[in-house]
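Summary of structural features
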Amino acid sequence: MTVTIRLQRETIDAASVAATMIRGDDGIGAVVTFTGICRSDENGQPIAALTLEHYPGMVEAEIARHVEEACQRWPILNVTIIHRYGRIMPGEVIVLVATASSHREAAFAAASFLMDYLKTRAPFWKQVESAEGTAWVDAKATDDAAAERWSASRPRQRAK
Amino acid sequence: MTVTIRLQRETIDAASVAATMIRGDDGIGAVVTFTGICRSDENGQPIAALTLEHYPGMVEAEIARHVEEACQRWPILNVTIIHRYGRIMPGEVIVLVATASSHREAAFAAASFLMDYLKTRAPFWKQVESAEGTAWVDAKATDDAAAERWSASRPRQRAK
Amino acid sequence: MRVLYFAWVRERVGKAEESIEPPAGVVTVGDLMSWLAARDEQSAYAFENANVIRAAIDHRHVRPDAPIKGASEIAFFPPMTGG
Amino acid sequence: MRVLYFAWVRERVGKAEESIEPPAGVVTVGDLMSWLAARDEQSAYAFENANVIRAAIDHRHVRPDAPIKGASEIAFFPPMTGG
């Protein structure tokens, strides 16, 4: 099993990742790749660019913890997560999550789980640049709800 | 919106599809790509190759109907489905489903829905070649169950 | 009426397609399977477990109780294993 | 103890990080936010809605009732908007 986690300022070459996902394991029958793309508008307003701030050190640790949890929940054979930071133009890939497994259910579930957690737990903050200046993007309640649905099926954590 | 459905004998270039998925719509924020890969074993037995038989004409019609249904259920902006037929070697891509939407939930759901239906409704039949000769692959009850889960949330069809 | 066979149904029947003219009493897809099975040993073998065989009329999946009237192409095949 | 600020918390506080030595009465993350907010106008503005601000101790998310004892790095930031 190969786990690749990369934070980078450079553009993401989604095409080259796909090819690497099935390497090293003949039992891989399914690969799910998610790419999150910078839209050209935010809440209906056209934007010029996004800037992503991140918390170096914690980002890697937080993503690694969620990859570990995904691997405990589903029989994952390879995982790649690449997340950009810095300035990103509309149409560019912000994040790529790819999961490989023997069967499709595990690959779909793990990719979806990892994305929900990246959205709500990985320390990144988006700022949009538009004609009206720059503004921090508000967190979405729908993203919290999406992440929350994975908690229902896991053993409850002890209250502190 | 662009819908691409392709049946082909040739290998699938998954990498080149990813790039085409965000073309033509600035509102695309999420692309989910599923690739189904020929494993080197089937039920624990090593295999030399797969051969996929299909029903030309019906395959295209059946896939188009399910793409249409996916577009009615979720706000999909682009869909690409490529399915191979003929002889396929271990490690090669058998099927590729890619969906693009503004948000990730729709892209994930539509890709998963389309794969479940391709598995159980699209007229393809797999034959494996191994040291013991050739054998038709049995349909899996788990695939039927996976496809069935989408029925619960849609209006029941009239009994005939 | 054209009949097509796929995968092991094709192999057992021994051909990929044929033209048939079933008698008036053959009304449904199920009737047609019984009628085909009664023709010869190979077809009998192909349709011996008729309940696992799927059918399509003019490129649409149908159940055994679907009427065949007006069909131009009927296909018989095992459960699908694509994807 | 190192304190880091991100996104609009950083902008409001006016710096990305600082070294602090809170008094003994500051036990939890919540206490620390109140103590920081009481220092100056900028910090007061940053922490005015303390309930929306998230915290991490040594790279792990924590709740406001988490004790800060033994922490070497505490970070404050708005809800995350990555992915």
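Just above sits the structure.
Remember, predicted model here, so these are calculated numbers, not experimental data.

1. Brief notes about the relation of the copies chain B and chain A
Note on the identical chains: chain B maps onto chain A by a rotation of 180° and an axial translation of 0.0 Å, with an RMSD of 0.0 Å. The superposition of one copy onto the other is thereby described by a two-fold rotation axis. Ranked by how close their C-alpha atoms come to the rotation axis, the residues of chain B are headed by Ala-15 of chain B, at 2.1 Å. Comparing interface residues between copies, 100% of those in chain B also sit at the interface in chain A, which points to an isologous, same-surface contact.

2. Digging into the arrangement of the chains
The structure contains 3 pairs of chains in contact, of which chains A and B account for the largest number of contacts. Regarding chain A and chain C, the two do not touch, and the least distance separating their C-alpha atoms is 10 Å. Separated without contact, chain B and chain D have their nearest C-alpha atoms at a distance of 10 Å.

3. So, the packing of aromatic side chains
Overall, the coordinates contain 26 aromatic pairs over all chains when judged by the stated rule. Aromatic side chains Trp-74 of chain A and Phe-113 of chain A sit 5.3 Å apart centroid to centroid with 70° between the ring planes, which places their arrangement in the edge-to-face category. Linking Trp-74 of chain A in the loop between α2 (58-73) and β6 (76-84) with Phe-113 of chain A in helix α3 (residues 104-121), this pair joins segments that are 39 residues apart in sequence. Between Tyr-5 of chain C and Phe-76 of chain C the ring centres are 6.5 Å apart and the planes differ by 20°, which places this aromatic pair in the stacked class.

4. Describing the interface of chain B and chain A
On the side of chain A, 30 residues touch chain B, which itself brings 30 residues to the contact. Carbon and sulfur atoms supply 57% of the area buried between chain B and chain A, which totals about 2500 Å² over both sides. Here chain B and chain A share 4 salt bridges between them. Scanning the region where chain B abuts chain A turns up 13 residue pairs in polar contact (both at pLDDT 80 or more). Relative to strand β2 (residues 30-37) of chain B, strand β2 (residues 30-37) of chain A runs antiparallel, the two being bridged by 7 bridges. Counterpart to Gly-36 of chain A in the pairing with β2 of chain B is Ala-30 of chain B.

5. What about the sheet that holds strand β8 (residues 93-101) of chain B?
Overall, mixed pairing links the 8 strands, which are arranged β1(A)-β6(A)-β8(A)-β2(A)-β2(B)-β8(B)-β6(B)-β1(B) in an open sheet. Two strands in the sheet have a free side with no partner beyond their single neighbour: β1 (2-8) of chain A together with β1 (2-8) of chain B. Pairwise comparison of adjacent strand axes, ignoring direction, gives a mean angle of 5° for this sheet. Of the pairings in the sheet, the one linking strand β6 (residues 76-84) of chain B to β8 of chain B comprises 7 bridges and is antiparallel in character. Residue His-83 of chain B lies in a different strand from β8 of chain B, and its bridge partner there is Val-95 of chain B. Docked against the sheet, helix α2 (residues 58-73) of chain B engages β1 and β6 of chain B, running at close to 155° with respect to β1 of chain B.

6. Considering the interface of chain A and chain D
On the side of chain D, 21 residues touch chain A, which itself brings 29 residues to the contact. Summing both sides of the interface, chain A and chain D together bury roughly 2000 Å²; the carbon and sulfur share of this comes to 56%. Three residues, Tyr-55, Trp-125 and Trp-136 of chain A, lead the burial of chain A against chain D; their summed loss comes to 33% of the area buried on that side. On inspection of chain A and its partner chain D, the count reaches 1 salt bridge. A salt bridge links Arg-10 of chain D to Glu-53 of chain A; its shortest N-O distance comes to 2.5 Å. Seen at the junction of chain A and chain D, the total is 13 residue pairs in polar contact (both at pLDDT 80 or more). When residues of the side of chain A that touches chain D are traced back to their parent elements, those giving at least two are β5 (49-54), α2, β8 (93-101), α3 and β9 (124-130) of chain A.

7. Points about the packing of α2 of chain A against α3 of chain A
Residues and elements named next belong to chain A. Across the interface, α2 lies against α3 with an axial gap of 10 Å and an inter-helix angle of 155°. With respect to their mutual orientation, α2 and α3 come out roughly antiparallel. The handedness of the crossing between α2 and α3 comes out as right-handed. Counting all contacts with α2, which are made through Glu-62, Ile-63, His-66, Val-67, Glu-69, Ala-70 and Arg-73, the residues of α3 involved are Phe-113, Leu-114, Tyr-117, Leu-118 and Arg-121. Partitioned by chemical class, the residues of the contact of α2 with α3 number 7 nonpolar, 1 polar and 4 charged.

8. Things to note about the pairing of β9 of chain A
All names here are of chain A. With respect to burial, β9 is a largely interior element, 6 of its 7 residues being buried. In the sheet, β5 pairs with β9 via 6 bridges, with the strands oriented antiparallel. Following the sheet pairing, Leu-52 is matched in β9 by Lys-126. Sheet topology note: the β9/strand β10 (residues 133-136) ladder contains 4 bridges and is antiparallel. Its bridge partner lying in β10, Glu-129 is registered against Thr-134. Two successive antiparallel strands, β9 and β10, enclose a turn made up of 2 residues.

9. Re unusual backbone geometry
One non-glycine residue, Asp-58 of chain C, lies in positive phi territory at about 45°. Structurally, Asp-58 of chain C is set in the loop between β3 (54-57) and β4 (60-62).

10. Quick look at the pattern of salt bridges
What the rule picks out here adds up to 28 salt bridges over all chains. With a closest N to O distance of 2.8 Å, Arg-65 of chain B and Glu-62 of chain B form a salt bridge. With Arg-65 of chain B and Glu-62 of chain B both in helix α2 and 3 residues apart, the pair spans about one turn of that helix. Judged by relative accessible area, Arg-65 of chain B falls into the partly exposed class, the value being 24%. By sharing partners, the salt bridges in this structure join Arg-104 and Glu-105 of chain A together with Asp-116, Asp-143 and Arg-149 of chain B into a single network.

11. Digging into the pairing of β8 of chain A
Working note: regular strand, side chains alternate between the two faces of the sheet. Residues and elements named next belong to chain A. By the criterion of burial, β8 is predominantly enclosed, with 9 of the 9 residues buried. In the sheet, β2 pairs with β8 via 8 bridges, with the strands oriented antiparallel. Residue Thr-33 lies in a different strand from β8, and its bridge partner there is Ala-98.

The rules we used
Residues numbered from 1 in each chain as written. Chains lettered and ligands numbered in written order. Predicted model: local features only at pLDDT ≥ 70, side-chain atom pairs only at ≥ 80, totals over all residues. Heavy atoms only, no water. Least-squares fit on C-alpha atoms with pLDDT ≥ 70 in both. Contact = heavy atoms within 4.5 Å. Phe/Tyr/Trp six-rings, centres within 6.5 Å; stacked < 30°, edge-to-face > 60°. Helix = DSSP H or I, 4+ residues; strand = E, 2+ residues; numbered from the N terminus. Buried area = accessible area lost by both parts, 1.4 Å probe. Salt bridge = Lys/Arg side-chain N within 4 Å of Asp/Glu carboxyl O. Polar contact = N/O pair within 3.5 Å; in protein donor to acceptor, adjacent residues only side chain to side chain. Pairing = 2+ DSSP bridges. Axes fitted to C-alpha atoms, helices over the stretch in contact; angles between N-to-C directions. Parallel < 35°, antiparallel > 145°, perpendicular 65-115°, else oblique. Left-handed = near helix turned anticlockwise from the far one by under 90°. Nonpolar A, V, L, I, M, F, W, Y, C, P; charged D, E, K, R; others polar. Buried < 20%, exposed > 50% of the residue type's maximum accessible area, 1.4 Å probe, protein only.

It is worth stressing that arrangement in space is one thing and function is another; only the former is reported here.
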